[in-house]
Amino acid sequence: MDKYSPQEIEKKWQDKWEKDAAFKTEMDANRPKYYALEMFPYPSGNLHMGHVRNYSIGDVMARYKTMEGFNVLHPMGFDSFGMPAENAAIKNNVKPADWTFSNIENMKRQQRSMGLSYDWDREAITCTPEYYKWTQWLFELFYKRGLAYKKKASVNWCDTCGTVLANEQVIDGKCWRCDSEVQKKDLSQWFLKITDYADVLLKDLDKLAGWPERVKTMQENWIGRSEGLEFEMDVEGMEEKLSVYTTRPDTAYGITFVALAAENPLVEKICANNPKAAEIQAFCEKVRNQSELERTSSESEKEGIFTGVYAINPFNGNRAQLWVTNYVLADYGTGAVMGVPSGDQRDWMFAKKYDLPIILTLQPKDKELKLEEMDAAYTDKDGVLVNSGKFTGMEIHKAMSGIIDEAEAQGFGKRKVNYRLRDWLISRQRYWGAPIPVIHCPHCGEVLVPEEDLPVRLPEDVSFDSGALSPLATSEAFVNCKCPQCGADAKRETDTMDTFICSSWYYLRYTDPKNDQAPFAKDKVNYWAPVDQYIGGIEHAILHLLYSRFFTKVLHDAGLVDFDEPFANLLTQGMVLKDGSKMSKSKGNVVSPEEIIGKYGADTARLFILFAAPVDRDLEWSDQGVEGAFRFLGRVWRILDHFEPMVKVGKDKYDITALNKDEKELRRVLHVTIKKVTEDIRDRFMFNTAISSIMELVNAAYAFQDKDLNAGLAREFAAALIRMLAPFAPHITEELWHNLFAEGSVHQQQWPKFEEEATKLAEIEIVLQINGKVRDRITLPADIDKTAMEAAVKELPRAKELTEGKTIVKVICVPKKLVNIVVK
């Protein structure tokens, strides 16, 4: 064979794979299916090393499962709607579509250069009318099922991006995409009722045995289920009732104030005839402009303004002051929180700051608390009630249930489950997204666009001036239409959908990507889905994964799919770091995949990134590590070049008994390696240790670099080594297989199987110890029993010499390892 030349080899095989449609997949009832999927990328134009890691992991699994005999679906596409394309259009005066498709072509070229085994016939690009027609169709399905609605709401607004953000897209008070400060703004917006599925989304986390516990915990915390009491308080001097929710009904007798959210509707009614109205409204405006993080953080200062109005505690008739505060949110519970300073540290600090009354309601079982001696609230959930009417002296947990029963019996309260999860706000005031297929008629109200008129296509005659209006509103030809019900002049909805809608069902479209009659055919989606192995970053634990689970459950309830969870197994890969930090252009520590592939080849890039760290851990970039991976592939090439004459004359079946001692040991190491690599890939995703085992095998083979090797063993070794390495380094192994065996593609060969008997050692080394110190060694048959092993060691001349004339106190025998003779 010629010298290893990755650039020449890789181009050759990539062209052949493409020409032969080598990775095209169809349904096959005769083979078990396996759906391997990496999260699809946004078409930014350039792959980064995080992409390389993500795709390499998925490609190993796809190729390995193919060799195991599975019918493997391994598709790829592009999550191609979104703000970057629109921002680029504004900045560079190009059409978002032109910018997007140019980037897609570049990224596909880069993906092909990595030798990834994608079935490109199944490509899904979310910004094409062929795709977003079905995104709109699914919106209409949600609408018909009562799961899509429009309401005026206080929303998260990013001025830089000129659009609304869902709560999940606000991170530490900033926009998830551009890192700008997020403000609150009142707008009429579209929502999906994900809260209708809160309970089942929470409960079915138990089904996800193949998901990391960390991800499931993050979803559980985000859903945030709590059980408590919702009760009403009469507002003094007003014909109003104030609804309050609490998870601590055991403290209800200690209410001295109620904290209202600035957005609570009661505040506006209080200001209608109030001398402090201007002051209260100014405070509310200030609070509305604070981020949710500021308002809920335990570190931020708690502020408030007394309205001058009181509410009556229905449990004991006490008056409670109504305060507007900066630490209550309108969309949690009722937007009103009872203030019990003695039982809540936040309330304690607020009461101390504004000199509000404090009533002690809880104390430990073994100690009497006195308010004048307390410097903090008593927040333990262990103790008894005091100053709580007929519940005084009752244990906390028993009292909780009793107090709720009392409220229900008296008719002013009821048991209530609340969630931290909010309905999913999907409206975006941007152009580059799927238009919401709704028409607003002055006579008929909201009307869905008829299915036969889908897709509602994006117009091109739009203005990209940022603001509260969508660019779609600037296109008169788009906006003005006829009502499909009554024929009157009407207006189209001008908001587009959140791009997370597109990615909430793309994995289903891959199963039937060219269907123009439905989003997918039921037989195809039920054959391929759910995804057997999903691979992506932990940063999508809440946003994308929760939304995808929601979509799948709705589609299951609608009878479109037979499964109710989208991803059976989830692997969250770690980040790629350089100099201790995540690679980023701003830090100047980016390593270009194209640079590495151009210099060393894709196989080296893949091998390094899979070998350098366990897949779920962060990986520190190392130029030396890349060099090492390249050198290893060169060693594989050279040893198989040396074995070539033997491989070509060797037989698949040969006389194993004819092997000499060194050859038998190489064969043992070979089968141990097959077993280890198989289990590391199949059971543990421990690609780094699998590659390490292959490297050790190659090292063992180099003992034969200057001598002949049994031709049958040479053939067995070469065939197994190439197949084991194939998922990691597909190009060099395809070339080596072609050169040595010329029997089709290595990637269509059967995965090598180990022989259990062949993994056993023929001989083992046993250590002699005298009083715990190593004195000698002996080689014995591997299957020797404990008694024979002890006897053989005692016969060693060194053993006799060191025990002669001494008393043997005891003999410690560790089978297959050592014999320790204790003497005195």
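Heads up: the structure comes first, above all this text.
All of these numbers come straight from a predicted model, not from anything done at the bench.

### Here's the deal with the overall build of the chain
Alright, step 1. Helices and strands together make up the secondary structure of the chain, namely 26 helices and 32 strands.
Alright, step 2. By principal-axis analysis of the C-alpha atoms, the chain measures approximately 105 × 85 × 50 Å.
Alright, step 3. Burial status across the chain gives 55% buried among its 824 residues.
Alright, step 4. Contacts in the chain between residues at least 24 apart in sequence constitute 73% of all its contacts with a sequence separation of at least 6.
Alright, step 5. For the chain, the computed accessible surface area is about 36,200 Å², with 48% contributed by carbon and sulfur atoms.
Alright, step 6. The chain carries 106 positive and 124 negative side-chain charges, and their two centres are separated by 4 Å.

### Digging into the pattern of salt bridges
Alright, step 1. All chains considered together, the criterion is met by 63 salt bridges.
Alright, step 2. Between Lys553 and Asp204 there is a salt bridge whose closest N-O contact spans 2.6 Å. Taken together, the residues span a long stretch of sequence, with Lys553 in helix H17 (residues 543-557) and Asp204 in the loop between helix H6 (198-203) and helix H7 (213-223) at a distance of 349 residues.
Alright, step 3. Residue classification places Lys553 among the buried residues on the basis of a relative accessible area of 2%.
Alright, step 4. On the accessibility criterion, Asp204 (2% relative accessible area) is buried.
Alright, step 5. Shared partners join several salt bridges into a network, and the residues in it are Lys203, Asp204, Lys207, Arg549, Lys553, Asp564 and Glu565.

### What to know about the side chain of Asp119
Alright, step 1. Turning to its location among the elements, Asp119 is positioned in the loop between helix H4 (96-113) and helix H5 (129-144).
Alright, step 2. Excluding residues that lie within four positions of it along the chain, Asp119 makes contacts with Phe23, Lys24, Thr25, His74 and Pro75.

### Concerning the sheet that holds strand E30 (residues 773-781)
Two modes of strand pairing occur in sheets, parallel and antiparallel, and in both the strands are linked by backbone hydrogen bonds.
Alright, step 1. Taken in spatial order, the 4 strands make up an open sheet running E30-E29-E32-E31, and their pairing is mixed. Every interior strand has two partners, whereas the edge strands, E30 and strand E31 (808-814), have only one. Geometrically, the sheet is characterised by an average inter-axis angle of 20 degrees between neighbouring strands, direction not taken into account.
Alright, step 2. Note that E31 and strand E32 (residues 818-823) share 6 bridges and pair antiparallel. Across the sheet, Ile808 pairs through a bridge with Val823, a residue of E32.

### Description of empty space enclosed by the protein
Alright, step 1. In total, this model carries 3 cavities of 30 Å³ or more according to the counting rule given.
Alright, step 2. Here the largest cavity defines a volume of roughly 150 Å³.
Alright, step 3. Around the largest cavity sit 16 residues that line it, and Gly82, Met83, Arg428, Asp498 and Thr499 are the ones nearest its centre.
Alright, step 4. Elements that contribute at least two residues to the lining of the largest cavity include exactly strand E4 (163-165) and strand E23 (496-497).
Alright, step 5. Each residue belonging to the lining of the largest cavity can be placed in one class, and the counts come to 6 nonpolar, 6 polar and 4 charged.
Alright, step 6. The calculated volume of the second largest cavity comes to roughly 40 Å³.

### Let's talk about the sheet that holds strand E25 (residues 570-573)
Alright, step 1. One open sheet holds the 4 strands; their spatial order is E2-E1-E24-E25, and the pairing between them is parallel. Every other strand in the sheet has two partners, leaving strand E2 (71-73) and E25 as the edge strands with one partner each. Each strand of the sheet is rotated relative to its neighbour by a mean of 20 degrees, with strand direction disregarded.
Alright, step 2. As paired elements, strand E24 (residues 533-537) and E25 share 4 bridges and run parallel to each other. Directly across from Gly536, in E25, lies its bridge partner Thr572.
Alright, step 3. In this fold helix H2 (residues 49-67) packs onto strand E1 (33-38), E2, E24 and E25, with an angle of close to 175 degrees to the strand it touches most, E1.

### Quick word on a negative patch on the surface
Alright, step 1. Together, Asp172, Asp179, Glu181 and Glu294 line one region of the surface with negative charge.
Alright, step 2. Its place among the elements puts Asp179 in the loop between strand E6 (174-175) and strand E7 (183-192).
Alright, step 3. Judged by its relative accessible area of 51%, Asp179 falls in the exposed class.

### Some words on the nonpolar core
Alright, step 1. In terms of nonpolar packing, the biggest core is built from 185 residues, with Trp424 and Leu640 touching the most fellow members.
Alright, step 2. Those residues in contact with Trp424 that sit more than four places away from it in its chain are Ala166, Trp190, Phe191, Leu192, Ile194, Asp498, Phe500, Ile501, Ser504, Tyr547, Phe550 and Phe551.

### What to know about the state of the cysteines
Alright, step 1. Taken as a whole, this structure holds 0 disulfides when the rule is applied.
Alright, step 2. The closest cysteine sulfur to the non-disulfide-bonded Cys502 is located on Cys127, 8.9 Å from its own sulfur.
Alright, step 3. For Cys502, a relative accessible area of 1% translates into the label buried.

### Description of the packing of H5 against H17
Alright, step 1. Running from amino to carboxyl end, H5 crosses H17 at an angle of 65 degrees, the nearest separation of the two axes being 11 Å. In terms of orientation, H5 lies roughly perpendicular with respect to H17. When you trace H5 past H17, the crossing you get is left-handed. Facing Leu138, Leu141 and Phe142 of H5, the residues of H17 in contact are Phe550, Phe551, Val554 and Leu555.
Alright, step 2. Considered class by class, the residues forming the contact of H5 with H17 number 7 nonpolar, no polar and no charged.

### Here's the deal with helix H1 (residues 6-19)
Alright, step 1. Here H1 spans 20 Å end to end across 14 residues, near enough to the 20 Å set by a 1.5 Å rise per residue.
Alright, step 2. Among all positions in H1, only Pro6, Ile9, Glu10, Trp13, Gln14 and Trp17 are buried. Looking down the long axis of H1, one finds its buried residues gathered within 120 degrees of arc, a one-sided arrangement. Summarising the geometry of H1, the exposed residues directed more than 90 degrees from the buried face are Glu8 and Lys19.
Alright, step 3. Along its buried surface, H1 packs onto H2, H4, helix H18 (593-600), helix H19 (602-611), helix H20 (623-649) and helix H24 (730-740).
Alright, step 4. Of the residues one or two after H1, Ala21 is the one with positive phi, at around 50 degrees.

### Brief notes about unusual backbone geometry
Alright, step 1. Look at the link from Leu454 to Pro455: it is a cis peptide, with omega at 5 degrees.
Alright, step 2. Looking at the secondary structure, you find Pro455 in the loop between strand E20 (445-448) and helix H13 (476-479).
Alright, step 3. You will see that Phe685, though not glycine, has its phi angle at about 55 degrees, which is positive.
Alright, step 4. Mapped onto the elements, Phe685 comes out in the loop between helix H21 (661-684) and helix H22 (687-701).
Alright, step 5. When its relative accessible area of 18% is taken as the criterion, Phe685 is described as buried.

Conventions adopted
Residues numbered from 1 in each chain as written. Predicted model: local features only at pLDDT ≥ 70, side-chain atom pairs only at ≥ 80, totals over all residues. Heavy atoms only, no water. Helix = DSSP H or I, 4+ residues; strand = E, 2+ residues; numbered from the N terminus. Buried < 20%, exposed > 50% of the residue type's maximum accessible area, 1.4 Å probe, protein only. Contact = heavy atoms within 4.5 Å. Areas by Shrake-Rupley, 256 points an atom, 1.4 Å probe, with all protein chains shown as cover. Lys, Arg positive; Asp, Glu negative; His and termini not counted. Charge placed at Lys NZ, Arg CZ, Asp CG, Glu CD. Salt bridge = Lys/Arg side-chain N within 4 Å of Asp/Glu carboxyl O. Pairing = 2+ DSSP bridges. Axes fitted to C-alpha atoms, helices over the stretch in contact; angles between N-to-C directions. 1 Å grid on protein atoms, 1.4 Å probe; cavity = no way out; pocket = protein on both sides within 12 Å on 5 of 7 lines; lining within 4 Å. Points joined across faces, edges and corners; volume = space filled by probe spheres on them. Nonpolar A, V, L, I, M, F, W, Y, C, P; charged D, E, K, R; others polar. Patch = residues over 30% accessible without salt bridge, like charges linked within 9 Å, V, L, I, M, F, W, Y side chains within 5 Å. Core = buried A, V, L, I, M, F, W, Y, C linked by side-chain atoms within 4.5 Å. Disulfide = S-S within 2.5 Å. Parallel < 35°, antiparallel > 145°, perpendicular 65-115°, else oblique. Left-handed = near helix turned anticlockwise from the far one by under 90°. Expected span 1.5 Å × (residues − 1). Arc of directions from axis to C-beta.

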